[in-house]
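Tertiary structure, described
The residues making up each chain are set out below.
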Amino acid sequence: MSRSYDIAVIPGDGIGPEVVREGLRVLDRVAALEGFGVKSTHYPFGAEHYLKTQEVMSEDSFAAVAKHQAILLGAIGDPRVAPGFLEFGIIAKLRFGLDLYANMRPVKLYDEALTPLKGKRPEHLDFMVVRENTEDAYAGMWGQFKKGTPDEVATQEIIFTRKGVERVIRHAFDTCRARNQRKKLTLLTKANAVRAMELWTRTFAEVGAEYTDVTREHQYIDAACMFVVTSPEQYDTVVTSNMFGDIFTDLGAALVGGLGIASSANLHPGKTSLFESIHGSAPQFAGQNRANPLATIMAVSMMLDYLGEKTAATRIEDAVVRLLRSHKLPNLGMDSGFGTDQVGQLVLDELAGAGAGR
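Just so it is clear, the structure is predicted and the values come from calculations on it, not from any experiment.

The sheet built from ten strands is open, its strands ordered E2-E1-E3-E12-E11-E4-E5-E10-E8-E9 with mixed pairing. Each edge of the open sheet carries a strand with a single partner, namely strand E2 (37–42) and strand E9 (215–220). Direction aside, neighbouring strands of the sheet carry axes that sit 25 degrees apart on average. Sitting on the sheet, helix H9 (residues 294–307) touches strand E1 (4–12), strand E3 (70–75), strand E4 (102–108), strand E11 (263–267) and strand E12 (273–277), and the angle it makes with E12 is about 155 degrees.

Right, dumping it as structure tokens:
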């Protein structure tokens, strides 16, 4: 085949291996349909691997993963390991080590039956959130003093750099322009209370002066959490900080069907990037064949779009849309009435054209 891609696969913990399995089935099928090759290399990083070997992700392992063109991640987290330990050692290591500074989270309603918002239809909810992904309170600068005593102090520093802020804002402007819709970019901050975010508002204005075809708007994050519920149609592309983006996109996911459909891309444009669902590992459901794999399947679509296989990416998205609009799935949670493998098969059937025109 003239086109082939090397993909690192980290199924991870809990329901991760199950949803990744279905994502790879879809990936293999669309690759055959569109005429390109995929070589998938699996890596064992997660709780089981750590408990057996005491390795989270060594530098040699990280280097091996980094040689691939893209990474497909299941989910990380297990109650047998301290909260945050594996997440920081695997997810954060990949994000920071690969400098994946732009987290892309689409908020897109495919069928009005999926939203809890009265009277809202697909045309009212279709925007992209560009979240800064390597700074803010997630940078790991924290500490504790007199832990376990009445005088305990815990600190966590918020870090913004001009380089980090500018590059994600510039990427958001480019994303907004490429969407070729309303060309409106909304910046979300809390600059009226978090004074360090003046760097965001100033950089937004300075960079925005270079994008005269893009309409700019600035909102405070608390107001935006209200507006996205009352009038989501105002958003086209959104850019915000790491912490606020994390919260705002989970709210957005709830408006379009929940975490069962929400995917994300962690990008360093032109370099190895990571693709995942935004849901957790849900270890209580592991091995029960109950997890909805659609979010991971949509992450595969985002990965293919990034790799330049835009027809294949659209083919997957269209198959998922047809499935959702068929109303075969009563919900996108653990109790949809379909097993993980059955939902994957439904997508494969749609890829083959079954049900087209419904």
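What follows picks up the thread again.
Over its twelve residues, helix H11 (residues 340–351) extends 17 Å from the first C-alpha to the last, a length consistent with the 16 Å expected when each residue adds 1.5 Å. Those residues of H11 that are buried are in contact with helix H1 (16–34), H9 and helix H10 (310–325).

Between H9 and H10, the least distance of the axes is 7 Å, while the angle of their chain directions is 155 degrees. Comparing the axis directions of H9 and H10 gives the class roughly antiparallel. The handedness of the crossing between H9 and H10 is left-handed. Contacts between H9 and H10 involve Leu294, Ile297, Met298, Val300, Ser301, Leu304 and Asp305 on the former and, on the latter, Lys310, Ala312, Ala313, Ile316, Glu317, Val320, Leu323 and Leu324. When its residues are assigned to classes, the contact of H9 with H10 shows eleven nonpolar, one polar and three charged.

Per the counting criterion, the structure on display carries eleven aromatic pairs. For the pair Phe127 and Tyr235, a centre-to-centre distance of 5.5 Å together with 50 degrees between the ring planes defines the contact as tilted. Of the two residues, Phe127 sits in strand E5 (residues 126–132) while Tyr235 sits in the loop between helix H7 (221–230) and strand E10 (237–240), which places them 108 residues apart along the sequence. Across the pair, exposure class does not vary: Phe127 and Tyr235 are buried alike. Every member of this aromatic cluster is reached through a ring pair, and the members are Phe127, Tyr235 and Phe248. It is Lys190 that lies over the ring of Tyr220; its NZ or CZ is 5.8 Å from the centre.

Further remarks concern the side chain of Lys190. Among the secondary structure elements, Lys190 is positioned in the loop between strand E8 (184–189) and helix H6 (198–208). When residues no more than four places from it in sequence are discounted, the contact partners of Lys190 are Met197, Tyr220, Ile221, Asp222 and Phe244.

A separate point is the confidence of the model for the protein. For the protein, per-residue confidence averages 94 on the pLDDT scale, and residues scoring 70 or more make up 97% of the total. Confidence drops under pLDDT 50 across residues 354–358; counting only partners more than four residues distant or on other chains, this segment forms ten contacts.

So, about the environment of Glu350. Mapped onto the elements of the fold, Glu350 is located in helix H11. A relative accessible area of 2% places Glu350 in the buried class. For the pair Glu350 and Leu323, spaced 27 residues apart in sequence, the C-alpha separation works out to 7.0 Å.

At a closest axis distance of 8 Å, the pairing of H10 and H11 adopts a crossing angle of 115 degrees. Considering the angle they form, H10 stands roughly perpendicular to H11. In this structure, H10 meets H11 at a crossing whose hand is right-handed. Side by side, H10 and H11 meet where Arg315, Ile316, Ala319, Val320, Arg322 and Leu323 of the first sit next to Val343, Leu346, Val347, Glu350 and Leu351 of the second. Class assignment of the residues belonging to the contact of H10 with H11 gives a composition of eight nonpolar, no polar and three charged.

Rules of the game
Residues numbered from 1 in each chain as written. Predicted model: local features only at pLDDT ≥ 70, side-chain atom pairs only at ≥ 80, totals over all residues. Heavy atoms only, no water. Pairing = 2+ DSSP bridges. Helix = DSSP H or I, 4+ residues; strand = E, 2+ residues; numbered from the N terminus. Axes fitted to C-alpha atoms, helices over the stretch in contact; angles between N-to-C directions. Contact = heavy atoms within 4.5 Å. Expected span 1.5 Å × (residues − 1). Parallel < 35°, antiparallel > 145°, perpendicular 65-115°, else oblique. Left-handed = near helix turned anticlockwise from the far one by under 90°. Nonpolar A, V, L, I, M, F, W, Y, C, P; charged D, E, K, R; others polar. Phe/Tyr/Trp six-rings, centres within 6.5 Å; stacked < 30°, edge-to-face > 60°. Buried < 20%, exposed > 50% of the residue type's maximum accessible area, 1.4 Å probe, protein only. Lys NZ or Arg CZ within 6 Å of the ring centre and 35° of its normal. pLDDT = per-residue confidence, 0-100.

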